[in-house]
Amino acid sequence: MVLLITRQVPEAVAARAEREFSTRALDMQGKFDAAVLLANLGGVDAILCTPADRFDAGLIGQLPQTVRVIGTFSVGLEHIDLAAAQARGIAICNTPDVLSVATAELALTLMLMAARRAGEGERLLRAGKWTGLTPTFHLGTGVAGKVLGILGMGRIGRELAEMARGLRMRIHYRNRTRLDSLLEAGAIHHDDDASFLAACDFLSINVPGGPATRHWLNAERISLLRPGAIVVNTGRGTTVDDAALTAALRSRHVAAAGLDVFSDEPAIDPGYLALENVVLLPHIGSATVEARNAMGFLALDGIAAVLGTGQSVI
Ligand code: 8YV
């Protein structure tokens, strides 16, 4: 079976792919090039892609009949037109669960960095501007006893809740449906945005991207946050209205933010770059050796299952 891999994958994943498939590695860098993909699809049975590769209906319509499955090196699926794939009989598989710990760890990293102004402090020190300690130097805010509001209490949100409880935070959440009490583990559920946002000292966005969550955090919802709240996003950049969040960071209604995802990444809204009170990371939520190997293996499992059985694994 021939497997085309769009981007460089971890060594252990590439080695396993080579053992189990006849592989064609495109090693694409930067912007996704659909023409290069299409030129290399002769005889291909399966594709392993990433969220940086957009499989819209137009591209899916041009895939050769031999392609039976697209595996994505991600839990997120918003870059693939699922209806178009289904119409063509192409199965889709993704990599849930195995990245939840890594992504929750990064949400926690951003939350603590934003609360303690870590990025700003490091920039100041490296610029040789640290003149020494005073009791009022570089004050941030603590997290113990504060409310962490989690938007999206799926696998990553619940992992984050468990970690944050260890920091003695109080967990509130907003989700499509209320969790059962075992999964809730004492977290307070809100069935409307206003009461949820008013409760948040910290807001962590852990929902998937796509039209249903586009610009969920807009000017109106930001105005419902407690003044001085801190916002963290490790889901998708499209969930945040950048103009509204940069305005709130400038006015300090939102005291700080930590962002790992951006609506047009790798391009960054210049409004963020001009601000000290935002920590910006280059979409590294799942970027641990452990998570990325596990993601690759899970994607290969899914592809093998489809090619072996003809059944979708999602
Ligand atoms: C990327 C992610 O997939 O899983 C997701 O949805 O956003 C990330 O983990 C990964 O960084 C690159 O493939």
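Conventions and cut-offs
- Residues numbered from 1 in each chain as written.
- Predicted model: local features only at pLDDT ≥ 70, side-chain atom pairs only at ≥ 80, totals over all residues.
- Heavy atoms only, no water.
- Near = heavy atom within 4 Å.
- Polar contact = N/O pair within 3.5 Å; in protein donor to acceptor, adjacent residues only side chain to side chain.
- Areas by Shrake-Rupley, 256 points an atom, 1.4 Å probe, with all protein chains shown as cover.
- Nonpolar A, V, L, I, M, F, W, Y, C, P; charged D, E, K, R; others polar.
- Pairing = 2+ DSSP bridges.
- Helix = DSSP H or I, 4+ residues; strand = E, 2+ residues; numbered from the N terminus.
- Contact = heavy atoms within 4.5 Å.
- Axes fitted to C-alpha atoms, helices over the stretch in contact; angles between N-to-C directions.

Some remarks on the site of the ligand
Looking at the ligand, the residues that line it are Thr50, Pro51, Phe73, Ser74, Val75, Gly76, Leu99, Arg236, His283, Ser286, Arg292 and Met295. Arg236 places a side-chain nitrogen or oxygen 2.7 Å from an oxygen atom of the ligand. For the ligand, an oxygen atom lies 2.7 Å from a polar atom in the side chain of His283. Protein contacts shield 87% of the accessible area of the ligand, which totals 330 Å² for the unbound molecule. Residue composition of the shell around the ligand, grouped by class: five nonpolar, five polar and two charged.

A short note on the sheet that holds strand β12 (residues 278–280)
In spatial order, the strands read β8-β7-β6-β9-β10-β11-β12; together these seven strands make up an open sheet with parallel pairing. The sheet terminates laterally at β8 (188–189) and β12, the two strands that pair on one side only. Packed onto the sheet, helix α11 (residues 242–251) meets β11 (254–259) and β12 and runs at close to 135 degrees relative to β11.

Some thoughts on the environment of Ser223
Its place among the elements puts Ser223 in helix α10 (residues 219–224). When the C-alpha atoms of Ser223 and Pro282 are compared, they prove to be 27 Å apart, with 59 residues separating the residues in sequence. At 2.6 Å, the side chain of Ser223 and the backbone oxygen of Glu220 are in polar contact.

So, the sheet that holds strand β4 (residues 69–72)
Taken together, five strands build an open sheet; the order of strands is β2-β1-β3-β4-β5 and the sheet is parallel. The open sheet has two free edges, formed respectively by β2 (22–25) and β5 (91–93), since each of these has just one partner strand. Recorded for the sheet is a direction-independent mean angle of 20 degrees between the axes of neighbouring strands. Relative to strand β3 (residues 46–49), strand β1 (residues 2–5) runs parallel, the two being bridged by three bridges. Residue pairing for β3: Ile5 is matched across the bridge by Leu48.

Note that all results are geometric; they support no functional claim without further evidence.
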